Structure formats: structure tokens, C-alpha cells
Amino acid sequence: MKKILLILLLLFLIPLSACGKVKYEFKDGLMYENGKEASGTFELTINGFKSKGKFINGLANGLLEVYYPDGSIMKKTLFSNGEHLKDEVYYRNGKLMSTYLKDKRMDIFYDDGQLVMSFNFQIGESSSYHENGNPLMIGNSYETTLYNENNEALFEVKNGEPINIGTTLKELEDGTFEILKDNKIIAKVDAKGETITYLYSTGEKLMTSSSVSGDTEIFFKNGKTFFKGNTENAKWFYKDGKLLYESKGKEWSIYNREGKKIITAFEEITDIKKID
């Protein structure tokens, strides 16, 4: 009889326990607790990484931190009443990987601290940099300039038209062409005039561009690819050839030194738990 009563009691308590369970959900930029906008400090998983942040009336407020599996900081995001103000992404060694200021500027760095590229959203300008820190390519909606590692302009385009920077075109016996500036070869063009290859000051391949496919590829001096892409898809690489950053339309992703995707434009949030 006692066993029967115990079983009945347990069966009675199970529904009560289930009814008392709190449901947390992050939806459309808001944190919910049992369907109501939640306040407090929460632990959650973002794209597979443990995270922690504070929410007030459903809105993220203050610092949201994302952690590597070893507990070190991967990302810090600053919010004010749900407004996304600033991002800082870190390598495992603690150095900055990227910074983002809302509607102002984004910078991406190598793990040795060197600036790779930057985007200035206020003036619509993007810049990439050589290994020695000098500008490689600077462009905006109406003007683009390519430089070699000595800060010498190799081409300049304004409003879709090439600007004369003092170059001359020389045709070779095989039908290909050389572009010279101050009697020095800065680029080569195939016989059909479809592919142009710009050179470092020491002769290594710097950039190739195809007028047929629209593809452009930029190289480090050691021959490895620094950038590869077109108007639809673009990729930047670490000096050893591993992928660093890619963008495709509104989608973008950042990769760490181990080749793992760690930050994306679209975040998957799971395992929400309120801790305070």
C-alpha cells in the first residue's frame, strides 16, 4: 500500500515540477522569460561558444562576452538598451582580431597586431594594407587606387575611368603587353587584353584581375593569396594561406588561426540560463 501511495505521489509531483519550469527564449533581439521580456544576467551559447550578458526588459544592456573553450575572451560586445554600439574580437593570445564601431569603422588585424583591412562606413571607404603596413588598395564609391609596397601608385580609377599616372604601354613580340612607369615594369597584360597582372617593386606578382570573369586575386610576396573575390564573394587570408574573413552578400564570417569559424553575421543562440 505504501508503495502504491509513493508512486501516486510521484505521478502527482511530476506535472507540478513541469509546470514550474522556466522557459527562456531569445527572439527578434529580445530575451524572454516565460513569454515576458526578461531582466537579469544570463549565460547562453552563441554559435557554439559560451557567453554571458545582462538584459533589461528584454534588451541587451552593457557588456556581452563570448568565450573560447579555455575560458579566454573571444568577443566583447557593448550594448545600450538593445542598441549595438561596439565589438571587439580577440585571438587566443589576447591580441585584437577586429574592432567594430556602429556605423563608423571596422578594422581587422593579424595575430601579430598588423592591420589587414579597414572599412570606414561614414565616408564609404575601404582600405587594405601591405605586410610592411603601407596602403595596398584604397577605394570608395567613386575612386580606387592600387599601391605597391613602396607606396607608389600602380593604377587609379575615378568614376569608372582610369587616371593617367604617367604609365606607357609596350607591346612585346609574343603579343602580350607591359605597362611601364618611369621605365620600370609595373604590370603585364595578356595578348587578348583580358587579364592584367600588377607587380611588386621587386617583380613578384602583386595582383591579377580578369575583365572577363570579374575575379581579382591579390598575393603576398611569398606567392600565397591575400585576397580573392569579385563583386559577389570576397575572401581574405592569413599569411600562411588559411582563411581569415569572407563575405557574400549580407553574410560574413571571421575565422581564427585554427581555421574555425568563430563570428558570423547571423548568430544562433541556445542553452539560455539565468544566473542573476
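Reference entry: report on the structure contained in this document. Quick caveat, the model's predicted, so the values are computed rather than measured. (Residues numbered from 1 in each chain as written. Predicted model: local features only at pLDDT ≥ 70, side-chain atom pairs only at ≥ 80, totals over all residues. Heavy atoms only, no water.)

**Examining the overall build of the protein chain**
Part 1 of the reasoning: A count of helical and extended segments in the protein chain gives one helix and 29 strands.
Part 2 of the reasoning: Over its C-alpha trace the protein chain gives a radius of gyration of 27 Å, far above what one expects of a compact globule, namely 19 Å for 276 residues.
Part 3 of the reasoning: On the principal axes, the C-alpha backbone points of the protein chain span a range of 105 × 35 × 35 Å.
Part 4 of the reasoning: For the protein chain, the residues scored as buried account for 38% of the 276 residues in total.
Part 5 of the reasoning: Pairs at least 24 residues apart make up 21% of the contacts formed inside the protein chain by residues separated by at least 6 positions.
Part 6 of the reasoning: Of the accessible surface of the protein chain, which amounts to about 16,500 Å², a share of 52% is contributed by carbon and sulfur atoms.
Part 7 of the reasoning: Here the protein chain carries 37 positive and 40 negative side-chain charges, and the mean point of each set is 10 Å from the other. (Helix = DSSP H or I, 4+ residues; strand = E, 2+ residues; numbered from the N terminus. Rg over C-alpha atoms; globule rule 2.2 N^0.38 Å. Buried < 20%, exposed > 50% of the residue type's maximum accessible area, 1.4 Å probe, protein only. Contact = heavy atoms within 4.5 Å. Areas by Shrake-Rupley, 256 points an atom, 1.4 Å probe, with all protein chains shown as cover. Lys, Arg positive; Asp, Glu negative; His and termini not counted. Charge placed at Lys NZ, Arg CZ, Asp CG, Glu CD.)

**Observations regarding the side chain of S253**
Part 1 of the reasoning: Locating S253 in the fold gives a position in strand β27 (residues 251-255).
Part 2 of the reasoning: Residues within four places of S253 in sequence aside, it is in contact with L244, Y245, E246, K261, I263 and T264.

**Remarks on the environment of G71**
Part 1 of the reasoning: Checked against the element boundaries, G71 lands in the loop between β7 (62-67) and β8 (73-80).
Part 2 of the reasoning: The sequence separation of G71 and R92 amounts to 21 residues, and the corresponding C-alpha distance is 9.8 Å.

**Description of the pairing of strand β16 (residues 153-158)**
Part 1 of the reasoning: Sheet topology places strand β15 (residues 143-147) next to β16; five bridges connect them, and they run antiparallel. By the bridge assignment for β16, T145 is matched with E156.
Part 2 of the reasoning: Between β15 and β16, which pair antiparallel one after the other, the connecting turn spans five residues, and N151 there sits at a positive phi close to 70°.
Part 3 of the reasoning: Across two bridges, the pairing between β16 and strand β17 (residues 161-162) is antiparallel. Along β17, the bridge assignment pairs K158 with E161.
Part 4 of the reasoning: A loop of two residues connects β16 with β17, the two strands running antiparallel in sequence, and N159 in this loop sits at a positive phi of about 50°. (Pairing = 2+ DSSP bridges.)

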